[in-house]
Amino acid sequence: MAEHSYTSRQELDQYAFHPAVTLLVPVAAVLLQAELPRLWPPLLILDLPLIVVIFFAVARRNPISGTVTGTLIGLFQDGLTTQQFGINGIAKAIIGYLAASIGFTVDLDNLLNRIGLNFLLCLLQSGILYLIERFLVGAPGTRLQPLHELLRAGINTAIAIPVFFFLDRFRHRD
Amino acid sequence: MDSFFARFKNSLVLIAIVLVQTIALAVQIQRPQAVAATPAATPSLDIGRPDTRRVTVLRYWTGSVLTPFERFFHGAGLHMRHVWGNYVDLRHTREQNQALKQEVARLREEQAAFAEDAVQGRRIQAMLNFRQQYIASTVAAQVIGTSGSDRSRMVLIDKGSDYGLKTDQAVITPDGIVGKLRDVFPHSAQLLLINDPTSGAGVILQSSRIRAIIHGGPGGRVQITNLTDDSRISPGEHILSSGGDQVFPRGLPVGVIESIAPDPQHQPYTAITLKPAADLARLEEVLVVTGTQTNLPAAAEQDLASAEATAEGSSALTKRAADLAAERLPSITEPPADPNAPPSDPNSAPPRPAPALHPDRYSPGATPPATDLTPGSPPQKERD
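Presented here is an overview of the structure given in this document. (Residues numbered from 1 in each chain as written. Chains lettered and ligands numbered in written order. Predicted model: local features only at pLDDT ≥ 70, side-chain atom pairs only at ≥ 80, totals over all residues. Heavy atoms only, no water.)

**Some words on the overall build of chain A**
Definition in use: Secondary structure elements follow DSSP: runs of H or I of four or more residues count as helices, runs of E of two or more count as strands, with numbering from the N terminus. A 1.4 Å probe rolled over the protein chains alone gives each residue an accessible area, and that area as a share of the maximum for its type sets the label: buried under 20%, exposed over 50%, partly exposed in between. Throughout, a residue-residue contact means that at least one pair of heavy atoms, one from each residue, lies within 4.5 Å. All accessibility values rest on the Shrake-Rupley procedure with a 1.4 Å probe; residue burial counts only the protein chains present in the view.
When its secondary structure is counted, chain A shows seven helices and two strands. Among the 174 residues that make up chain A, the fraction classed as buried is 54%. Taking all contacts inside chain A whose residues are at least 6 apart in sequence as the whole, residues at least 24 apart take part in 72%. For chain A, the computed accessible surface area is about 7700 Å², with 70% contributed by carbon and sulfur atoms.

Right, here's the structure in full:
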């Protein structure tokens with residue numbers, strides 16, 4: 001039986017996923033994101049792709065991987081909206097990078113850390129999207145709604161915790 | 001140098017990816033160009049345009065990944081609802097049938113009442129040479145997906161160019177307007193709802209006849225922000241499509257004014273919030289307007305003719321009943337008229353003005369008859 005020895009925290013906490021999981025989970029997240037609001041419109045407040053980006057970035061502990069994953073999922077999400085390609089791509093690339101970077105220093109198997117990270121990154125994404133829409137795109141009627149964004153962050157965090165525990169089953173060490 | 005790239009590899013990758021996407025974003029943003037060419041065009045209506053061809057292809061690829069799954073889920077949902085509705089949940093069908101029959105009877109009476117107004121309206125339109133656009137053909141489509149973002153109010157429908165759908169065609173429900181087609185793919189199409197921030201439509205306020213432009217506001221609201229404070233505008237007023245945007249036919253319900261408040265960001269304009277006539281959050285089936293015509297459609301002509309017949313029949317019946325009642329009731333008998341007296345009918349001759357105290361060339365009758373006049377101005381000698 002092979003024995004593994006780990007010399008750093010990064011190696012200790014790095015996980016990998018089966019290619020099918022890497023492909024299907026983001027697609028399923030985007031699909032659910034498009035389908036659930038059709039059944040119950042208030043579910044538009046969810047951002048399942050963001051939760052998936054944070055999960056993969058934190059699990060892999062690799063900023064480049066987190067950036068690329070965030071970009072691809074964000075661009076995929078942009079393709080389903082009326083917005084320009086790149087709005088969600090930029091926002092989720094930054095989120096993926098930050099989530100992976102924070103994963104180096106913080107134990108993200110801890111529940112409280114997961115809650116705090118999800119909440120903060122969700123708020124940060126709202127801020128980035130506002131800045132992009134307001135200053136890069138110049139979209140008409142762009143307004144920051146702080147209370148709505150706080151509510152969005154809270155709800156997404158509440159959804160993210162069980163989703164993280166569910167997706168933990170599919171990860172394995174390199 | 002190598003150590004620099006190795007040390008900042010992660011950050012450099014992030015910067016490069018963000019930079020590329022920022023450039024791509026800048027390329028996609030289209031500024032209104034038609035405003036300078038046509039000064040009458042409203043800039044606000046120049047938004048919500050379809051993408052360029054390359055972006056459309058990207059959206060098509062993205063949509064193609066999800067559309068089969070969305071069709072599957074939608075079909076499964078419909079099948080379950082069909083089984084439940086047609087075989088299980090038939091408890092109140094008889095009562096519903098009775099209620100619907102009563103409603104049909106009531107609507108027939110209303111139709112007869114409106115028929116005369118409709119005929120009069122068409123007569124006036126003909127006199128004014130006004131060409132009303134009637135909906136000639138529609139394609140029914142079902143909503144199979146959403147954008148999944150509350151920043152973008154867009155849904156996906158299951159019909160595309162294979163059904164003759166084209167970009168910028170109006171989409172309605174029996175309740176009112178819904179939006180217009182944005183990108184049309186072979187087997188599906190993106191429907192831009194009227195509450196999307198990039199959407200716009202020309203409207204008219206029903207009672208005050210003020211024209212305005214609606215667009216989507218924050219939180220999926222529908223707003224009018226190009227009107228100043230006006231005492232004639234009040235909550236509860238109905239809004240109709242004006243037809244000025246060349247997308248929505250004139251006269252379709254848009255919504256009802258919900259609130260009017262000063263817009264602090266765009267003074268002196270007011271922010272008028274509407275409650276859309278169609279339930280934009282729960283769309284299931286929509287009608288895409290694929291053609292309009294200036295004449296009333298054949299089916300509507302038949303309905304109008306039958307309504308007119310009903311209206312005439314009911315008025316004849318009413319007269320007969322009134323005559324019968326008049327015969328039975330005591331009435332005032334007028335004294336016999338003097339056969340030698342002149343006719344006293346006020347409408348028998350046109351009214352004549354009283355003769356002028358100091359007649360001049362403007363007095364009635366002072367102008368020579370038209371047959372004596374010659375065209376053109378009088379020669380200089382005659383005027384002198």
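Let us keep going from here.
**Here's the deal with the packing of helix 3 (residues 48-60) of chain A against helix 6 (residues 111-137) of chain A**
All names here are of chain A. To be explicit about the condition: Between the N-to-C directions of two axes lies an angle of 0 to 180 degrees, each axis being a line fitted to C-alpha atoms and, for a helix, fitted only over the stretch in contact. Should an angle lie under 35 degrees it is considered roughly parallel, over 145 roughly antiparallel, and from 65 to 115 roughly perpendicular; all remaining angles are considered oblique. Left-handed describes a crossing whose near helix is turned anticlockwise from the far helix through less than a right angle; right-handed describes the clockwise counterpart. Gly counts as polar in this scheme, as do all residues outside two lists: the nonpolar Ala, Val, Leu, Ile, Met, Phe, Trp, Tyr, Cys and Pro, and the charged Asp, Glu, Lys and Arg.
At a minimum axis distance of 11 Å, the contact between helix 3 and helix 6 shows a crossing angle of 125°. Between helix 3 and helix 6, the interaxial angle falls into the category oblique. The two elements helix 3 and helix 6 cross, and the hand of that crossing is right-handed. On helix 6, the residues touching Leu-50, Ile-54 and Val-58 of helix 3 are Leu-117, Asn-118, Leu-121, Cys-122 and Gln-125. Grouping the amino acids of the contact of helix 3 with helix 6 by side-chain chemistry returns six nonpolar, two polar and no charged.

**A few points about the pattern of salt bridges**
For side chains bearing opposite charge, pairing can occur when the charged atoms are close. All names here are of chain B. Definition in use: Salt bridges are defined by distance alone: a side-chain nitrogen of Lys or Arg within 4 Å of a carboxyl oxygen of Asp or Glu.
Overall, the coordinates contain 17 salt bridges over all chains when judged by the stated rule. The partner of Asp-183 in a salt bridge is Arg-59, with the nearest N and O atoms 3.8 Å apart. With Asp-183 in strand 4 (residues 176-184) and Arg-59 in helix 4 (residues 53-88), this pair connects stretches of sequence that are 124 residues apart. Residue class for Arg-59 comes out buried when judged on its relative accessible area of 1%. Close ionic contact of Arg-106 with Glu-110 constitutes a salt bridge, the shortest N to O distance being 2.6 Å. Within this pair, Arg-106 and its partner Glu-110 are both found in helix 5 (residues 93-127), separated by four residues, close to a single helical turn. A relative accessible area of 40% places Arg-106 in the partly exposed class.

**A closer look at the nonpolar core**
Selection rule: What we call a nonpolar core is a set of buried Ala, Val, Leu, Ile, Met, Phe, Trp, Tyr and Cys residues that are connected through their side-chain atoms within 4.5 Å.
Of all hydrophobic cores here, the largest spans 42 residues; its most connected members are Ile54(A), Phe56(A) and Ile132(A). Among the elements that line this core, the one with the most residues is helix 3 of chain A, at 11 residues. For Ile54(A), the residues in contact, after removing those within four places along its chain, are Ile95(A), Ala99(A), Leu117(A), Asn118(A), Leu121(A) and Phe164(A). Core analysis: the next-biggest nonpolar cluster, separate from the first, contains 41 residues, Val171(B), Val184(B), Leu274(B) and Val286(B) among them.

**Considering the interface of chain A and chain B**
Operational definition: Once two parts are brought into contact, the accessible area they lose, counted with a 1.4 Å probe and summed over both, makes up the buried area. Think of a polar contact as two N or O atoms within 3.5 Å of one another; within protein, one of them needs to be a possible hydrogen donor and the other a possible acceptor, and neighboring residues in sequence only count if both atoms come from side chains.
The interface of chain A with chain B comprises 47 residues on the first partner and 48 residues on the second. Sorting the residues of chain A by area buried against chain B places Arg38(A), Thr82(A) and Phe85(A) first, and these three jointly supply 18% of that buried surface. Where chain A meets chain B, there are three salt bridges. Scanning the region where chain A abuts chain B turns up 15 residue pairs in polar contact (both at pLDDT 80 or more). Element by element, the count of residues in the side of chain A that touches chain B is highest for helix 2 (residues 19-39) of chain A, at nine residues. The class makeup of the residues in the side of chain A that touches chain B is 27 nonpolar, 13 polar and seven charged.

**A closer look at the sheet that holds strand 1 (residues 134-146) of chain B**
Within a sheet, each strand pairs with its neighbour through backbone hydrogen bonds, oriented either parallel or antiparallel. Residue and element names in this part refer to chain B. Rules: In this description, strands pair whenever DSSP reports at least two bridges between them.
Taken in spatial order, the six strands close into a barrel running 1-2-5-4-3-12, and their pairing is antiparallel. Pairwise comparison of adjacent strand axes, ignoring direction, gives a mean angle of 45° for this sheet. Bridge count between strand 1 and strand 12 (residues 285-293): eight bridges; the pairing is antiparallel. Residue pairing for strand 12: Thr-138 is matched across the bridge by Val-289. Here helix 4 sits on the sheet in contact with strand 1, strand 2 (154-157), strand 4 and strand 5 (189-193), set at roughly 85° to strand 1.

**Let's talk about the pairing of strand 1 of chain B**
As judged from the three bridges shared by strand 1 of chain B and strand 2 of chain B, these two strands associate in the antiparallel manner. Each bridged residue has a counterpart across the sheet, and for Gly145(B) the counterpart in strand 2 of chain B is Leu156(B).

**Description of the side chain of Thr157(A)**
Residues and elements named next belong to chain A. As for its placement among the helices and strands, Thr-157 is situated in helix 7 (residues 146-167). Of the polar contacts made by the side chain of Thr-157, one reaches the backbone oxygen of Ala-153; its length is 2.6 Å. Residues in contact with Thr-157, not counting those within four places in the same chain, are Ile-115, Asn-118 and Phe-119.

**Some points on the pairing of strand 11 (residues 269-276) of chain B**
Residue and element names in this part refer to chain B. Pairing analysis gives five bridges linking strand 8 (residues 222-228) to strand 11, with the strands arranged antiparallel. Bridge pairing links Val-222 to Leu-274 in strand 11. Where strand 10 (residues 253-262) lies against strand 11, seven bridges are found, and the strand directions are antiparallel. Bridging from a neighbouring strand, Ala-261 pairs with Ala-271 of strand 11. Counting the residues between successive antiparallel strands, the hairpin from strand 10 to strand 11 contains six residues.

**Some points on a nonpolar patch on the surface**
Residue and element names in this part refer to chain A. Condition: Patches were defined on residues exceeding 30% relative accessible area and lacking a salt bridge, with like-charge contacts within 9 Å and nonpolar side-chain contacts (Val, Leu, Ile, Met, Phe, Trp, Tyr) within 5 Å.
The grouping of Leu-111, Leu-112, Ile-115 and Phe-165 at the surface amounts to a nonpolar patch, some 380 Å² of accessible area in total. Here the nonpolar patch gets three residues from one element, more than from any other, and that element is helix 6. Tracing the backbone through its elements, the reader meets Ile-115 in helix 6. Ile-115 sits in the partly exposed class, given a relative accessible area of 33%.

Purely geometric numbers; function is a separate question.
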